[in-house]
Structure formats: structure tokens, C-alpha cells
Amino acid sequence: MKKIPVTKPYFSEEEKRITLEVLDSGWVAQGPRAAAFEKNVAEHEGVAEGVATTSCTTALHLAMSAQGMGAGMDVIVPAFTFVATENAVLSTGAIPVLVDICKDTFNVNVNKLLEVVEQKYYKKDRVLINKETGNALWGIVPVHEFGLCCDIYKINSIAQEYNLHIIEDAACALGSKIGEVHQGGFGNPSCISFHPRKSITTGEGGMILTDNVELAKGLRELRSHGCTISADERDKGKGFLLPEFEKAGYNYRMTDLQAAIGQAQMKKLDYIIAEKRKKVALYNEMIQSRIPELITPVEPEGFFHTYQSYVCMLDKNRLKGKSIEDCGIYRNYIMQELEDRGIATRQGTHAVHTLGYYRKRFGYMPNMFPDAYECDRLSIALPLYVDLTVEEQEYVIENIGEVLSNGNGF
Ligand SMILES: Cc1ncc(COP(=O)(O)O)c(C=O)c1O
């Protein structure tokens, strides 16, 4: 039987060679390779600075902490995103305030965001205060979900009008653009991920991109326990004594082993994105002509989608008026059937308000964010990676067609 994974990192001999090179150098913790990788990524995205971290989650936490997010504050986040976005907010002591998304783009619904800003808060001096809890609204963490940039320019203008911070969760969006502007270049710090499901990987890893040189300096200190001189600089003769520690920081340092792999991966990034986009075009064509039960992902005019995942939706309008819950059971049946035929699929991501911790702590019910809930229950990510062949795509689509025609009572 065929075995088609949902994703597969794209490596060559270079990653193996460079790993051995770093091992031979003896410098395996953070050092010159991490600094070089930061430059590679920042340059690719057209941004002044990159600050490499152990993951996107730690990148988010670092950027949030450095910019003063903390207890007594609210932060607006989309309800449909990997839970790391909300967890990072919670780890600063602030409270995530969820907003529903748009089902076609999977990104935050800007109208609903504005509604929350205007209805949940009142203005005191220049600060928005939560009418129920008294928390101050710190800002917004919009997500570029699955590699499609959100409506960031509108969000920027809301933030400007109401004096709010923005940190972009660009975990899935390395290389994504609006027009010619890459994510990272929209005027806010953005945080990317190098987890193996992303376009390029360092095993685990993340990076904050920013044009703010002072902020980057502060982030580097905070990334390394609050230390004012990096290990690399000390090695280059900046002293044998431990330097000054002006802040209480963390150890969120990416290692040179990871960064070296990242450097090799960066050379492949544009190729990886281009290859994935070709496969996306083929899936779109196959599904639109043969599988009317599935809605293909959108790429709005002027946006450049990098497709961390190919996420389509089961069309509930074709499912005889069944509830979202029942449609979700059917979606799971389809995914199980595909799994049994050697095809791995995944739900796109989850609606955070349906997760146990968030349900219990904040009393969320599924219908509070209906579009996020629908995407949670009806999204399906199909296999997508550079080595995926046309025959394998054909096999995937053929099997989806077969499973749907069996119907299972739907
Ligand atoms: C939207 C989003 N934010 C944050 C993360 C967390 O990234 P990491 O695994 O690098 O911490 C992910 C990972 O999948 C993600 O999809």
C-alpha cells in the first residue's frame, strides 16, 4: 500500500555535511552560525534584524515580554490558530481575548476585531479598559494562518487609531507577501517557526524579525538571561568575567547546529515554495473539477500564499443540512478512510475555545466563535511537500472521490 505523509522536510547532502562541520568546529551552542542565519532570514524578508530562538512559541513570548505585555492586560488573538499563540500570551500573565475568523482565508475577521475593540472596552486617557475586568488592552497578535498574510494593513490602522501594539504570529508564513512586501515588513515584529511542518526547518526553532534595531538588541539580551554580551562576543575577546545582567531573561537561544541546518535550508526556501505552489495549483484544478464537496483554499488578489499546508474545507451546504458536529464526524470518517488507504491528512488547526483548558478557564462554548468552530470541524489538510509526485496527488484525489461516493449515510 502507498504511504503518503502529510508533510516531509526537504533536505539534501548539504544539511548532513554542514551538521558535521559544526560538530567538528566544537561550537555547538549559539555562536557565529546563528548570527549568520539571522542575517540570511532577515535579508530574505527585507527586514533589518532577525533574532533566532528555540521555537516560534519562545519567539512570541520573548517579543511579548520585551514589549511589556503582562498581567492586568488583554491581548486580541484569533480563535482559529495553533494554541501556541494563546499560550504565549498567557505565559506573560496577560489574557487572550478571542476573535472569530473568516472561513475563506482562515485569518482573523477584521470587522469582528473592530467590534470587540469598540464594544468590550472604554477609553481612559489613551488606554482601552475592559468594561468587565478592568484589564488594559495591550494589543493584537494577528496570525498569518497556513502562510496567507492576514489583513494586516487594516489591523495596523486599527492599532494606530486605538494606540495598540501588534506582534505578528508568522509561524507558517516565511516568504509570504502582500504585493512585494514580505511578512516581517509590515511595521511590527513578526515571529516565524522552523518546525518541520513549516517551509524550512531546523528541527525546532524560531525567529523574531524586526526593523527596530534597539528592540532587536533588547531581544538578544532577554533571549540569553538578560546578558549584555553574547558568548560569541566574549569569545572574540570581550572579557573573561561574566558581563552585566540588566534584565531577568530566559534561555531561548537557537544553537549553531540548528542554525547551520537553517542556513542550508534557506538556500532552498524559494524553490520549496515554488514547488509547493505548483502542487497547490494541481490540487485546486483536480478538486474544482472532480470533488464538489471540497472548498479549495483562497489566495486573494495581491497576496502571495506560501502554503505551509494545503487546507480545504468540507462544504457543509452539500451535506443535507446536517449540524457542524455531524459534518465534523463525517470529516473524521473521511480522514480515517484516507489513513486506511495510506494517505495522511490532518484537521487544518484547532479552534482554541474548544480546548479543555480554555473551555474550563474562560467558559467558552462552541458557538461563541462559529466560523472558527466550523473550520475546526470541517477543515482537511492534504499531503503537501516538495517530493509529492503527480501520481501521488492523483492517488489522493481519486481516493477522496471514492470515499465521498461511498457516502457513509451522508
Ligand atoms: C500559528 C502558529 N503559531 C505558533 C506556532 C508555534 O510554533 P513552534 O512550534 O515553532 O513553537 C505554530 C506551530 O505550528 C503555529 O502554527
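Bear in mind the structure is a predicted one, so any value in this text is a computation, not a measurement. Along each chain, residues carry numbers from 1 onward, in the same order as the chain's sequence is written. Only residues with pLDDT of 70 or above have their local features reported here, since the model is predicted, and side-chain atom pairs are shown and tallied only from 80 upward, although totals for entire chains, interfaces and linings are computed over all residues. With hydrogens and water stripped out, all remaining heavy atoms of the structure feed into the side-chain values.

Here we take up the overall build of the chain. A tally of regular secondary structure across the chain gives 14 helices and 16 strands. Put simply, the radius of gyration uses C-alpha atoms, and a globule should come to 2.2 Å times the residue count raised to 0.38. A globule of 410 residues ought to have a C-alpha radius of gyration of about 22 Å, and the chain, at 22 Å, matches this closely. Residue burial is assigned from relative accessible area. The probe radius is 1.4 Å, only protein chains are included, and a residue is buried under 20% of its type maximum, exposed over 50%, and partly exposed in between. Looking at the chain residue by residue over its 410 residues, the buried ones come to 56%. By definition in these notes, contact holds between two residues if any of their heavy atoms fall within 4.5 Å. Taking the intrachain contacts of the chain between residues at least 6 apart in sequence as the baseline, contacts between residues at least 24 apart amount to 71%. With the model as given, the accessible surface of the chain reaches about 17500 Å², and the carbon-plus-sulfur share is 52%. The charge count includes Lys and Arg as positive and Asp and Glu as negative, but it does not include His or the ends of the chains. Taken as the charge location is NZ of Lys, CZ of Arg, CG of Asp or CD of Glu. Charge separation in the chain, taken as the distance between the mean sites of 44 positive and 54 negative side-chain charges, equals 2 Å. Under the scheme used here, helices are H or I runs from DSSP no shorter than 4 residues and strands are E runs no shorter than 2 residues, and both carry numbers assigned from the N terminus. What sets the accessible areas is the Shrake-Rupley method with a 1.4 Å probe; for residues, cover comes only from the shown protein chains.

With a 1 Å grid spanning the protein atoms alone, the term cavity applies to any set of points in which a 1.4 Å probe fits but cannot get out, the term pocket to an open set with protein on both sides within 12 Å along at least five of seven lines, and the term lining residue to any residue with an atom within 4 Å of a point. Grid points are joined across faces, edges and corners, and a volume is the space filled by probe spheres set on the points. If you walk through the whole model with that rule in mind, you get 4 cavities of 30 Å³ or more. Contributing to the lining of the largest cavity are 15 residues, with Lys 8, Lys 198, Ser 199, Ile 272 and Lys 276 lying nearest its centre. Following the grouping adopted for this structure description, the nonpolar residues are Ala, Val, Leu, Ile, Met, Phe, Trp, Tyr, Cys and Pro, the charged ones are Asp, Glu, Lys and Arg, and the polar ones are all others, Gly among them. By residue class, the composition of the lining of the largest cavity is 8 nonpolar, 4 polar and 3 charged. Each pocket or cavity is described by its volume, and for the second largest cavity that value is around 60 Å³. If you go around the second largest cavity, the residues you meet are Asp 104, Thr 105, Phe 106, Glu 145, Phe 146, Leu 148, Pro 297, Val 298, His 305, Tyr 307, Ser 309 and Val 311. Partitioning the lining of the second largest cavity into residue classes produces 7 nonpolar, 3 polar and 2 charged. For the lining of the second largest cavity, the domains that each give at least three residues are domain 1 (13-266) and domain 2 (269-409). Domain borders in the structure are assigned automatically or taken from a domain database.

The next thing to look at is the pattern of salt bridges. Every case where a carboxyl oxygen of Asp or Glu lies within 4 Å of a side-chain nitrogen of Lys or Arg is listed as a salt bridge. With the rule as written, the count across this model stands at 23 salt bridges. A salt bridge links Glu 13 to Lys 16; its shortest N-O distance comes to 3.3 Å. Here Glu 13 and its partner Lys 16 are both found in helix 1 (residues 13-25), 3 residues apart, which amounts to about one turn of the helix. Note on Lys 16: relative accessible area 53%, which makes it exposed. Residues Glu 299 and Arg 277 are paired through a salt bridge, measuring 2.6 Å at the closest nitrogen-oxygen approach. With a gap of 22 residues between them, Glu 299 in the loop between strand 13 (294-295) and strand 14 (303-304) and Arg 277 in helix 10 (residues 269-290) connect regions that are remote in the sequence. Given a relative accessible area of 32%, Glu 299 falls into the partly exposed group. Overlapping salt bridges, with partners in common, bring together Glu 14, Arg 17, Glu 21, Arg 33 and Lys 267 in one network.

This next bit is on the packing of aromatic side chains. Note on aromatic contacts: the rings of Phe and Tyr and the six-membered ring of Trp form a pair at centre separations within 6.5 Å, being stacked when their planes are under 30 degrees apart, edge-to-face when over 60 apart, and tilted otherwise. Taken as a whole, this structure holds 13 aromatic pairs when the rule is applied. A ring pair is formed by Phe 362 and Tyr 364, whose centres lie 5.7 Å apart and whose planes are at 35°; its orientation type is tilted. Between Tyr 364 and Phe 369 the ring centres are 5.7 Å apart and the planes differ by 75°, which places this aromatic pair in the edge-to-face class. For Phe 369, a relative accessible area of 10% puts it in the buried group. In textbook terms, an aromatic cluster arises when at least three aromatic residues are bridged by ring pairs, as seen for Tyr 357, Tyr 358, Phe 362, Tyr 364 and Phe 369. Note on criteria: charge over ring means Lys NZ or Arg CZ within 6 Å of the ring centre, with the direction from the centre no more than 35 degrees off the ring normal. A cation over an aromatic ring shows up here: Lys 2 above the ring of Tyr 395, its NZ or CZ 5.6 Å from the ring centre. Note that Lys 177 overlies the ring of Phe 304, its terminal NZ or CZ placed 4.9 Å from the centroid.

For the rest of this paragraph, the subject is the sheet that holds strand 10 (residues 181-182). Reading across from one edge, 10-9-14 is the order of the 3 strands in this open sheet, with antiparallel pairing throughout. Of all strands in the sheet, those bounded by a partner on one side alone are strand 10 and strand 14. Strand direction decides the pairing type here: strand 9 (residues 177-178) and strand 10, joined by 2 bridges, are antiparallel. Counted as the bridge partner of Ile 178 is Val 181 from strand 10. For two strands to pair, DSSP has to find at least two bridges joining them.

Domain boundaries assigned for the chain yield domain 1 (13-266) and domain 2 (269-409). For domain 1 versus domain 2, the separation of C-alpha centres amounts to 27 Å. Every contact between the two is made by 40 residues of domain 1 and, on the other side, 40 residues of domain 2. Throughout, buried area stands for the accessible area (probe radius 1.4 Å) lost by two parts on being put together, summed over both. Interface of domain 1 and domain 2: buried area, both sides summed, is about 3300 Å²; carbon and sulfur atoms make up 62% of it. Of all residues in domain 1, the largest losses of buried area upon contact with domain 2 belong to Lys 103, Phe 146 and Arg 197, amounting jointly to 20% of the total for that side. The tally of links from domain 1 across to domain 2 stands at 2 salt bridges. The salt bridge partner of Lys 103 is Glu 374, with a shortest N-O separation of 3.3 Å. Side-chain atoms alone can form a polar contact between residues adjacent in sequence; in general such a contact is a pair of N or O atoms within 3.5 Å, and within protein one must be able to donate a hydrogen while the other accepts it. At the junction of domain 1 and domain 2, the tally comes to 18 residue pairs in polar contact (both at pLDDT 80 or more). Mapped by element, the contributors of at least two residues to the side of domain 1 that touches domain 2 are helix 4 (84-91), strand 3 (95-99), strand 9 and helix 9 (256-266).

Moving on: the sheet that holds strand 15 (residues 310-314). Sheet strands line up and pair through hydrogen bonds in the backbone, either parallel or antiparallel. Spatially, the 3 strands line up as an open sheet ordered 13-15-16, and their pairing is antiparallel. Looking at strand neighbours, the two that pair on one side only are strand 13 and strand 16 (379-382), the edges of this open sheet. Both strand 13 and strand 15 contribute to a ladder of 2 bridges, which runs antiparallel. Counted as the bridge partner of Leu 294 is Leu 314 from strand 15.

Further remarks concern the layout of surface pockets. Here the largest pocket defines a volume of roughly 720 Å³. Considering every element that reaches the lining of the largest pocket, the biggest residue donor is helix 2 (residues 32-45), with 6 residues. When the residues that make up the lining of the largest pocket are grouped by side-chain class, the tally is 11 nonpolar, 7 polar and 12 charged. Lining the second largest pocket are 24 residues, with Phe 82, His 195, Lys 198, Gln 308 and Thr 349 sitting closest to its centre. Secondary-structure elements contributing two or more residues to the lining of the second largest pocket are helix 3 (56-66) and helix 4. The biggest single contributor to the lining of the second largest pocket is helix 3, with 3 residues. Here the lining of the second largest pocket is composed, by residue class, of 8 nonpolar, 11 polar and 5 charged. The residues that make up the lining of the second largest pocket include at least three from each of domain 1 (13-266) and domain 2 (269-409).

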